[in-house]
Protein chains: 2
Amino acid sequence: MTDVLKQFAQEHVEKINQEMATAIQAHTTEKSLLESMSYSVEAGGKRLRPLLLLATQEFLGKPLTKGSYQVAAALEMIHTYSLIHDDLPAMDNDELRRGKPTNHMVYGEGLAILAGDALLTEAFHVVGEGELSDEQKVWTLTNLAKASGSYGMIAGQVADIEGETKSLTLSELQRVHARKTGALIEFAVAAGAMLADATSEVMAALAEYSHHFGIAFQIKDDLLDVIGDEAVIGKKTGMDAELNKTTYTSLLGVAGAQQSLKEHYEEAIAIIERVEKLTNRENAGAVLKAMIQTLID
Amino acid sequence: MTDVLKQFAQEHVEKINQEMATAIQAHTTEKSLLESMSYSVEAGGKRLRPLLLLATQEFLGKPLTKGSYQVAAALEMIHTYSLIHDDLPAMDNDELRRGKPTNHMVYGEGLAILAGDALLTEAFHVVGEGELSDEQKVWTLTNLAKASGSYGMIAGQVADIEGETKSLTLSELQRVHARKTGALIEFAVAAGAMLADATSEVMAALAEYSHHFGIAFQIKDDLLDVIGDEAVIGKKTGMDAELNKTTYTSLLGVAGAQQSLKEHYEEAIAIIERVEKLTNRENAGAVLKAMIQTLID
């Protein structure tokens, strides 16, 4: 990880975590439910999506507020709920995530389902009660629902499960991932831009950046499953091949996937440089550049 | 059912169903997901909560709008998601609901979990995109999340599951149900009052009405499990006793539970009559009175 990104993460991750803890503790009355929700929220993770949101807002020169961290927390809570439900026996049936037992292995399936439901619901709650204007709240709630619902992340999860039984073309594969992982990544950048009152031209350019980011992220994920180190990434590798899943590496080969990843990286960097010129903010995009750079390191 | 209620339901249920169908179809791209969501939404039910909402708004003399039906639809979508998840093998493990196979019996557990997640998320989506003012949207989204989240319905579900293994006092039992079923019923009435721009005095009185309604509703449910007819209510009776669950009938006996139900009914009716006087709207509360009357018939 580059120094600029390390510093940015050090500055903000603790505040994101604090906002999530506050949101959960404020409204959760049942001890077991609170434990189950907190277990997954505290299980680590790079906080990629909330950091993308905050980095985008800062990039555009608008100071971060408590409201920014609340939207960032809501986004990570939705990501966390999706992991809990994805890991369930009826879905991917994973016993480990990031090297730790998954939620249902610790708390049982019933409570894991409810903890996921609660994280999803409380994500909307924290935004609704957040320190934001009514207009910002409505934008956030609507777009977060769109990105995570049956037009976005959930659609992608359904398509992913159904895709396991057949081979996909490259464009079908991209369509699955654009929604399964892409939608929340695109929301992160769009929300940061909205909070910074970006012009529609900047909004559109950053939407392109986040689109390339989402694809690059998925190619990297597929590559790690083939050439990654289990001890480093904290989960079993070789699973995609075992399940006979269509991936970027199965379609393009390892070298082809690496080449495609590099192309999306370069396009994303070019966009940030273009927005820097557009907004007269030289080098302001260093963190956003560094974030996508982690995918090709 | 009284004529006044029958007429009210005939006038509005179709519009509620239409708004739900529109909300789901507008954003659901995957065929299997759409089928699974629609199956449970179309599985019937009295539409008690959305009708309570609409009846409250009409009671206060404010014409219903498309926005009213959208909030009503969101509320019923959340109720429906909660039934899908409650029926799962890891929860109540029910194979039948309203005389039909439960969602996971038809579509499998994985898709049933995702259909529930999607109904919950799309409920927020339809309000966010609804024909309402920003202020109304924020009120609705925040209070709907509060009523259905880890402070409301989900907390009640957790407490209910944990309560199965121990006996509860009457006040503990009421605390479980105030959240498990009461929170959404109270939201229904509060949302109708909000959409009608009710004064805080009327809001407070109607909150009391909905509180009595919620308790009466649960007592009725417990009574049906003891003295109900399986063919009429569409599910197995005697389950509470079999599971050794604390209920109103186990604590108060059948006659005691019936007496308590009657008291809550009478208090609720008295409140509606008080609000009729307060707002100078004689007999305007006929539907709200008829709705709680169904619980003692």
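If you're wondering where the values come from, they're calculated on a predicted model, not measured in any experiment.

Conventions and cut-offs
Residues numbered from 1 in each chain as written. Chains lettered and ligands numbered in written order. Predicted model: local features only at pLDDT ≥ 70, side-chain atom pairs only at ≥ 80, totals over all residues. Heavy atoms only, no water. 1 Å grid on protein atoms, 1.4 Å probe; cavity = no way out; pocket = protein on both sides within 12 Å on 5 of 7 lines; lining within 4 Å. Points joined across faces, edges and corners; volume = space filled by probe spheres on them. Helix = DSSP H or I, 4+ residues; strand = E, 2+ residues; numbered from the N terminus. Nonpolar A, V, L, I, M, F, W, Y, C, P; charged D, E, K, R; others polar. Least-squares fit on C-alpha atoms with pLDDT ≥ 70 in both. Contact = heavy atoms within 4.5 Å. Buried area = accessible area lost by both parts, 1.4 Å probe. Salt bridge = Lys/Arg side-chain N within 4 Å of Asp/Glu carboxyl O. Polar contact = N/O pair within 3.5 Å; in protein donor to acceptor, adjacent residues only side chain to side chain. Expected span 1.5 Å × (residues − 1). Buried < 20%, exposed > 50% of the residue type's maximum accessible area, 1.4 Å probe, protein only. Patch = residues over 30% accessible without salt bridge, like charges linked within 9 Å, V, L, I, M, F, W, Y side chains within 5 Å. Areas by Shrake-Rupley, 256 points an atom, 1.4 Å probe, with all protein chains shown as cover. Bend = angle between axes of the 7 residues up to and from the residue. Core = buried A, V, L, I, M, F, W, Y, C linked by side-chain atoms within 4.5 Å. Axes fitted to C-alpha atoms, helices over the stretch in contact; angles between N-to-C directions. Parallel < 35°, antiparallel > 145°, perpendicular 65-115°, else oblique. Left-handed = near helix turned anticlockwise from the far one by under 90°.

Caption draft 1: Quick peek at empty space enclosed by the protein. Residues and elements named next belong to chain A. Per the counting criterion, the structure on display carries five cavities of 30 Å³ or more. Considering only enclosed or pocket space, the largest cavity measures out at about 170 Å³ in volume. Around the largest cavity, the lining comprises 18 residues; the ones closest to its centre are Ser40, Ala43, Leu83, Asp87 and Arg97. Those elements that provide at least two residues to the lining of the largest cavity are helix H2 (31-41), helix H4 (66-87), strand S2 (100-101) and helix H5 (103-107). Tallying contributions element by element places H4 first for the lining of the largest cavity, with five residues. Residues of the lining of the largest cavity, tallied by class, amount to six nonpolar, six polar and six charged. There is about 130 Å³ of room inside the second largest cavity.

Caption draft 2: Spatial organisation of the relation of the copies chain A and chain B. Of the transformation superimposing chain A on chain B, the axial component is 0.0 Å and the angular component is 180°, with the fit at an RMSD of 0.0 Å. On the angle and the small slide along the axis, the relation comes out as a two-fold axis. For chain A, the residue whose C-alpha comes nearest the rotation axis is Asp134 of chain A, separated from it by 3.0 Å. Here 100% of the interface residues in chain A have copies in chain B that are interface residues too; the copies meet face to matching face.

Caption draft 3: Here's a closer look at the interface of chain A and chain B. At the junction of the two partners, chain A supplies 47 residues and chain B supplies 47 residues. Together, the buried faces of chain A and chain B total about 3800 Å²; carbon and sulfur atoms form 68% of this surface. Considering only the surface of chain A that becomes buried against chain B, Glu30, Leu114 and Ser150 of chain A emerge as the three largest contributors, covering 15% of it. The residue Glu30 of chain A makes a salt bridge to Arg179 of chain B at a minimum N-O spacing of 3.0 Å. Linking chain A with chain B are 16 residue pairs in polar contact (both at pLDDT 80 or more).

Caption draft 4: The arrangement of helix H7 (residues 134-148) of chain B in detail. Counted at 1.5 Å a residue, the expected span for H7 of chain B with its 15 residues is 21 Å, and the 21 Å between its end C-alpha atoms agrees. Among the residues making up H7 of chain B, those that are buried are Lys137, Val138, Thr140, Leu141, Thr142, Leu144, Ala145, Ala147 and Ser148 of chain B.

Caption draft 5: Structural detail: the environment of Ser40 of chain A. Residue and element names in this part refer to chain A. With respect to the helices and strands, Ser40 occurs in helix H2. Ser40 gets classed as buried once you look at its relative accessible area, which sits at 10%. Sequence separation between Ser40 and Val158 is 118 residues, and the spatial gap between their C-alpha atoms is 22 Å. Excluding residues that lie within four positions of it along the chain, Ser40 makes contacts with Thr80, Ile84 and Asn103.

Caption draft 6: Broad picture of a nonpolar patch on the surface. All names here are of chain A. Together, Leu170, Leu251 and Leu252 make up a nonpolar patch on the protein surface, roughly 210 Å² of accessible area in all. Tracing the chain through its elements places Leu170 in helix H9 (residues 170-195). Since its relative accessible area comes to 34%, Leu170 is described here as partly exposed.

Caption draft 7: Spotlight on helix H14 (residues 248-278) of chain B. Residues and elements named next belong to chain B. Taking 1.5 Å as the rise per residue, H14 with 31 residues should run 45 Å; its terminal C-alpha atoms sit only 34 Å apart, a clear shortfall. Helix geometry: H14 is bent most strongly at Val254, by close to 90°. Just downstream of H14 lies Asn280, where phi reads positive at about 55°.

Caption draft 8: Quick peek at the pattern of salt bridges. Counting across every chain of the model gives 22 salt bridges over all chains. Close ionic contact of Glu266 of chain B with Lys262 of chain B constitutes a salt bridge, the shortest N to O distance being 3.2 Å. Pair noted here: Glu266 of chain B and Lys262 of chain B are both in helix H14, with a separation of four residues, about one helical turn. The exposure class assigned to Glu266 of chain B is partly exposed, which follows from its relative accessible area of 41%. Owing to a relative accessible area of 41%, Lys262 of chain B belongs among the partly exposed residues under this scheme. Linked by salt bridges that have partners in common, Asp160, Lys180 and Lys245 of chain A make up one network.

Caption draft 9: Examining unusual backbone geometry more closely. Residue and element names in this part refer to chain A. Even without glycine at this site, Asp197 takes up a positive phi of about 55°. Examined against the element boundaries, Asp197 turns out to sit in the loop between H9 and helix H10 (200-227). One non-glycine residue, Asn283, adopts positive backbone phi at about 60°. Examined against the element boundaries, Asn283 turns out to sit in the loop between helix H13 (248-278) and helix H14 (286-293). The class of Asn283 is exposed, set by a relative accessible area of 55%.

Caption draft 10: Representation of the nonpolar core in the model. Core analysis: the largest hydrophobic core is formed by 183 residues, its most contacted members being Tyr209, Phe213 and Met291 of chain A together with Tyr209, Phe213 and Met291 of chain B. What Met291 of chain A contacts, discounting residues up to four positions off in sequence, is Leu5, Leu48, Leu51, Leu52, Ala55, Tyr209 and Phe213 of chain A.

Caption draft 11: Representation of the packing of helix H6 (residues 109-128) of chain A against helix H7 (residues 134-148) of chain A. Residue and element names in this part refer to chain A. Closest axis-to-axis distance for the H6/H7 pair is 9 Å, and the angle between their directions is 165°. Taken together, H6 and H7 sit at an angle that is classed as roughly antiparallel. As H6 packs across H7, the resulting crossing turns out to be right-handed. In contact with Phe124, Val127 and Gly128 of H6, H7 contributes Lys137, Thr140, Leu141, Leu144 and Ala145. Of the residues contributing to the contact of H6 with H7, the split by class is five nonpolar, two polar and one charged.

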